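Structural features, examined
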Amino acid sequence: MKKYVQVLKRTKLFSGVGDEDILSMLSCLNADVRPYGKGEYAFRQGEYIRNLMILAEGRLHIQKEDYWGNLNILNEIRPGEMFGEAYIVPDGGPLMNDVVAVMDSAVLFFDMERILTVCPSACPFHTRLVKNMFYMISDKNKRLVQKLSYMSQRSTREKLLSYLSDEARRQNSSSFSIPFNRQQLADFLSVDRSAMSNELGKLRDEGMLDFHKSEFTLQEP
């Protein structure tokens, strides 16, 4: 568990908490770590969860597959990010989506009751933890709104430009990498892969951007 302290220290949930205090809190919160291999389902639609989770390493996709096998990637979970909190409230219901490891990953599980209840040892950082969790949920809501802004665009071209523009701003560079391959990007934006690839080619021919695999460079008009 100690190997993940530095990852947790960079998360919003443990912001302002020192290394030794994080280790103490991991014990207090009944923290547990579980590994998942590439392609393995961490959770499947219809399951119930009772823990707050943070990705310690690797990468996860929150995705949904319809009856005919059409896949939609709803979100990507990166190391240090929290997930599952929407389902651990009373009557939160079963998972509506699958959670899949897209590379070898490790997930930290935290007892939600321990987070929301003041611990017997009167841990001085417990109040900070609850406050930080609120901030993390707020941040996730912002990213959900951002994803909805991509989906609200009417054309494949507009969805691409909206997403790539935001990634350039987020990474503070006109040259950046994205965490998706072509099929994953199409699934994330809910567009046809062939149509998307065709549109990328047009944008490159028009001098708006250049790309190689997952590396993109946005050009000045």
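See the structure printed just above.
Report follows, based on the coordinates.

Each value, and the rule that gives it
- Residues numbered from 1 in each chain as written.
- Predicted model: local features only at pLDDT ≥ 70, side-chain atom pairs only at ≥ 80, totals over all residues.
- Heavy atoms only, no water.
- Helix = DSSP H or I, 4+ residues; strand = E, 2+ residues; numbered from the N terminus.
- Buried < 20%, exposed > 50% of the residue type's maximum accessible area, 1.4 Å probe, protein only.
- Contact = heavy atoms within 4.5 Å.
- Areas by Shrake-Rupley, 256 points an atom, 1.4 Å probe, with all protein chains shown as cover.
- Lys, Arg positive; Asp, Glu negative; His and termini not counted.
- Charge placed at Lys NZ, Arg CZ, Asp CG, Glu CD.
- Salt bridge = Lys/Arg side-chain N within 4 Å of Asp/Glu carboxyl O.

1. Here's the deal with the overall build of the protein
Summing up its helical and strand segments, the protein has seven helices and eleven strands in all. C-alpha atoms of the protein, sized along the principal axes, occupy 65 × 40 × 30 Å. Counting the 221 residues in the protein, one finds 43% classified as buried. Of the contacts made within the protein by residues no fewer than 6 positions apart, 70% connect residues no fewer than 24 positions apart. Looking at the protein as shown, the accessible area adds up to about 12300 Å², and 50% of this sits on carbon and sulfur atoms. Between the mean site of the 29 positive side-chain charges and the mean site of the 29 negative ones, the protein shows a separation of 2 Å.

2. Section: the pattern of salt bridges
Between side chains of opposite charge, pairing is possible as soon as their charged atoms come close. The tally for this structure, following the rule as stated, stands at eleven salt bridges. Residues lysine 9 and aspartate 19 are paired through a salt bridge, measuring 2.9 Å at the closest nitrogen-oxygen approach. Taken together, the residues span a long stretch of sequence, with lysine 9 in helix 1 (residues 5-9) and aspartate 19 in helix 2 (residues 19-28) at a distance of ten residues. Exposure remark for lysine 9: the relative accessible area of 39% places this residue in the partly exposed category. Aspartate 19 gets classed as partly exposed once you look at its relative accessible area, which sits at 27%. Between aspartate 139 and lysine 12 there is a salt bridge, with its nearest N and O atoms 3.9 Å apart. Of this pair, aspartate 139 sits in helix 4 (residues 126-151) while lysine 12 sits in the loop between helix 1 and helix 2, placing them 127 residues apart in sequence. For aspartate 139, a relative accessible area of 26% translates into the label partly exposed.

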